[in-house]
Amino acid sequence: MKAEFQKLLSDYASGQISADDFRRLQDCLLEDEQLRTEFLEYMNTCVFLEDTASYSESLFPESILQAPVPPPRPATKVIPFPHWALAAAAAVVIGLVTWFNLPAPAATGVPTRIIASNNAQIEALAQTLGSDDTVSLEHIELKDGWVRLELPRGVIFDLYGPAKGRFESNTRFHLDSGRLNVDVGPFGKGFTVVTANAEIVDLGTQFGVDVGEDFEAKVAVFSGEVEVHASENESGPRLLIEGEGVQVASSGRESRLMSINLPDEADSDSPRFSRASHFEISDNLGVNNTLRYYGIINGGMREGAGVYTTFRNVRWKRATGQAFPPELLGADLIQTFHKDRRRQQLTINLKVQEASAIYVMFDERYETPEWLGERFTDTGQVLVSGPWRPVEVVHDILPDPQGNFYVHHKVWRADLRGNESIELGESINQASPDENRAMYGIAIRSLDSIGDDLLALAQD
Amino acid sequence: MGIVSANSDSSEPSPLVSMHSRNHDDFLRLFTASEPALRAYIRRLVPTQNDASEICQNTSIVLWQKFDIFLRKHPIYDAETEEKEELELHFKRWAMVVARYEVLSWRRDKYRDRHVFSEELLDKLAHQSADQFPQLDRQMVALESCLQKIPEERRKLVLEAYSARNKPQEIAIRRGSTLNGFYQWLHRVRVSLLKCVKRTMATEAYQ
């Protein structure tokens, strides 16, 4: 293989390839059959190594572990990271007033196309700029509402007010405060968001950054990968993948981002992302164990809602011949991690601010664990999760007539008073570790709202 | 129990349940035998392991949903061992056709997200990949043998790099290397493995 082609292969396989090199690789492969053969053979080694590593990991889970990382700090705040599509709809629906400070175009500014914002803002801009014009921006200050911009290289940039920041170059934005979602697209790799204590370098992805009044930066990855360079992390940058997050304190110290609010895919008219949650969730896993965040969808429990943060095909559904349990409809959904089904010594802590019902949807095939039987009551209601592909979790389940596999979950409930907390335990049965049950799901709702909703349902 | 079927309430298994149960066993047998090759086929067309897993999952669902059609087209289904390999081969080829469509469908959704090949190139790679498919099992066996030839400490490091739990940056730091240096080292390992595989397969052919 020629040296140049080898470099392209190496960069592609490691996910480091630039947009120009990717085009070069694609041109080479389109033109030359021999290079395609070499590419396929090379990728075979990657497939083999991925499979072997995954197999070794399952056989010897402790033998493949990561380098030492700093100890975690407890993380309890729940922050919203709205998805841009929902945010767009929400901004229009709630009609927030936006004040958008556009400085005079400067020679050093970044050419930016305004794609959308809320109605008031678009009208204001149209008088001087037009809603699809390209302007040169250095600073942005957004008092309220939401705006979407397209930057050079096709980077899509959503800023949520109140927010303030400045462009340092075409590929660097300094966020002083507020929330920002970035989708770098295929050619924006390397786009960097700078905060007071960290730099977040995009490696081809969608991610969100939230800088609060205390200058703490929260970073969550929705797809792809980012590198977080915290000012006080001496062990170097931290790589985050989809479903992972960290928060960097004003001191520059990192800790795990425990949860984020996600948009409700099924209800795009709802501005729920802006509503604060009435509970806090945490667990006993630190950054050494995981960097994943719990996904919270306020009011999102319904037919078709996602069960897990990263296993997106598996959804909550009603059992055949039954209705979706009415008291669960519209409850706040907490997406757990599918991989935690086999995690030992797991403790999830939930603390509610107001009197609330906690629901645990537990795989009905196996024995009820002590922690569940002691604190929770079986409601007699059932939900199913699926469709699952034919994997170990469904090894003893027959497919339905459409060929899909579903796991039945019993719905358990515990009622808490305001400011009370409860601990949920592990999904795995220590006495029968070979049982491959599905990880349980969680939902919460305020006790005040249950009566109202059931009444409304009965009246319908 | 969480068994879902058309007649899960009846006390005696109906013919439908029996048929489902039998089909399910056969499907799992064929799918399990094909999955490594199918995953490899898909993985070579998409940029990341996660993309491949998502497509493989969707493919498996489609395969099961259309398994009845596959059975109707293969009357040798009831035949015993001598046709078993042939049946598996037919299933693999069918699975690859389904996977190819799933990759194209995935591409339409994700083309903007990251580096994804054009439809024209995917088509060429898919055809070429399917042509090489009969050699794939032999290549994998050769790779296994070649991997064992790497000194244990380095072998562990390679597998560490490919473990989903680990971050290349952290491994690189622990190894006292830069991220770029570490990626270059991994590339050299892959190329060495590839050369070893070619030598091994050439020797086998000669013998």
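Residues numbered from 1 in each chain as written. Chains lettered and ligands numbered in written order. Predicted model: local features only at pLDDT ≥ 70, side-chain atom pairs only at ≥ 80, totals over all residues. Heavy atoms only, no water.

Trainee: What is the right way to look at the environment of Val103 of chain B in this model?
Mentor: All names here are of chain B. Secondary-structure assignment places Val103 in helix α4 (residues 81-110). Sequence separation between Val103 and Asn58 is 45 residues, and the spatial gap between their C-alpha atoms is 9.7 Å. What Val103 contacts, discounting residues up to four positions off in sequence, is Ile42, Leu45, Val46, Ile55 and Leu122. (Helix = DSSP H or I, 4+ residues; strand = E, 2+ residues; numbered from the N terminus. Contact = heavy atoms within 4.5 Å.)

Trainee: Looking at this structure, how should I read the interface of chain A and chain B?
Mentor: In many reports, interface size means the accessible area that the parts give up when they come together. Of the residues lining the interface, 77 residues belong to chain A; the matching set on chain B comes to 69 residues. Our enumeration of links across chain A and chain B arrives at three salt bridges. Between Arg39 of chain B and Asp51 of chain A there is a salt bridge whose closest N-O contact spans 2.5 Å. Contributing elements (two or more residues each) for the side of chain A that touches chain B: α1 (3-13), α2 (19-31), α3 (33-59), β10 (217-230), β11 (238-241) and β22 (405-416) of chain A. Considering each element in turn, the side of chain A that touches chain B owes the most residues, 20 residues, to α3 of chain A. Of the residues contributing to the side of chain A that touches chain B, the split by class is 37 nonpolar, 23 polar and 17 charged. (Salt bridge = Lys/Arg side-chain N within 4 Å of Asp/Glu carboxyl O. Nonpolar A, V, L, I, M, F, W, Y, C, P; charged D, E, K, R; others polar.)

Trainee: Got a minute to help me understand the state of the cysteines in this structure?
Mentor: Here a disulfide denotes one covalent bond, and it connects the sulfur atoms of two cysteines. Residues and elements named next belong to chain B. Tallied over the entire structure, the rule returns one disulfide over all chains. Two residues, Cys146 and Cys196, share a disulfide whose sulfurs are 2.0 Å apart. Linking Cys146 and Cys196, the disulfide has an S-S dihedral of approximately -90° and is accordingly described as left-handed. One end of the pair, Cys146, is in helix α5 (residues 119-148); the other, Cys196, is in helix α8 (residues 179-206), and 50 residues separate them in sequence. A single burial state applies to Cys146 and to Cys196, both of which are buried. (Disulfide = S-S within 2.5 Å. Buried < 20%, exposed > 50% of the residue type's maximum accessible area, 1.4 Å probe, protein only.)

Trainee: Can you walk me through unusual backbone geometry in this structure?
Mentor: All names here are of chain A. Look at the link from Gly386 to Pro387: it is a cis peptide, with omega at 0°. Along the chain, the position of Pro387 falls in strand β21 (residues 377-388). Positioned with a positive phi, Gln345 is a non-glycine residue whose angle comes to about 60°. As for its placement among the helices and strands, Gln345 is situated in the loop between β18 (332-335) and β19 (348-352). Even without being glycine, Asn419 reaches a positive phi, approximately 65°. Tracing the sequence through the fold places Asn419 in the loop between β22 and β23 (421-424).

Trainee: Can you help me understand the environment of Arg155 of chain B in this one?
Mentor: Within the element layout of this structure, Arg155 of chain B appears in helix α6 (residues 152-162). Apart from the residues within four sequence positions on either side, Arg155 of chain B is in contact with Leu147, Gln148 and Ile150 of chain B.

Trainee: Is there a simple way to explain the side chain of Thr309 of chain A in this structure?
Mentor: Residues and elements named next belong to chain A. Examined against the element boundaries, Thr309 turns out to sit in the loop between β16 (294-297) and β17 (315-318). What makes Thr309 buried here is its relative accessible area of 8%. If near-sequence neighbours (up to four positions away) are discounted, Thr309 is found in contact with Tyr293, Tyr294, Gly295, Gln335, Thr336 and Phe337.

Fair warning: the whole summary comes from geometry, so function is off the table for now.
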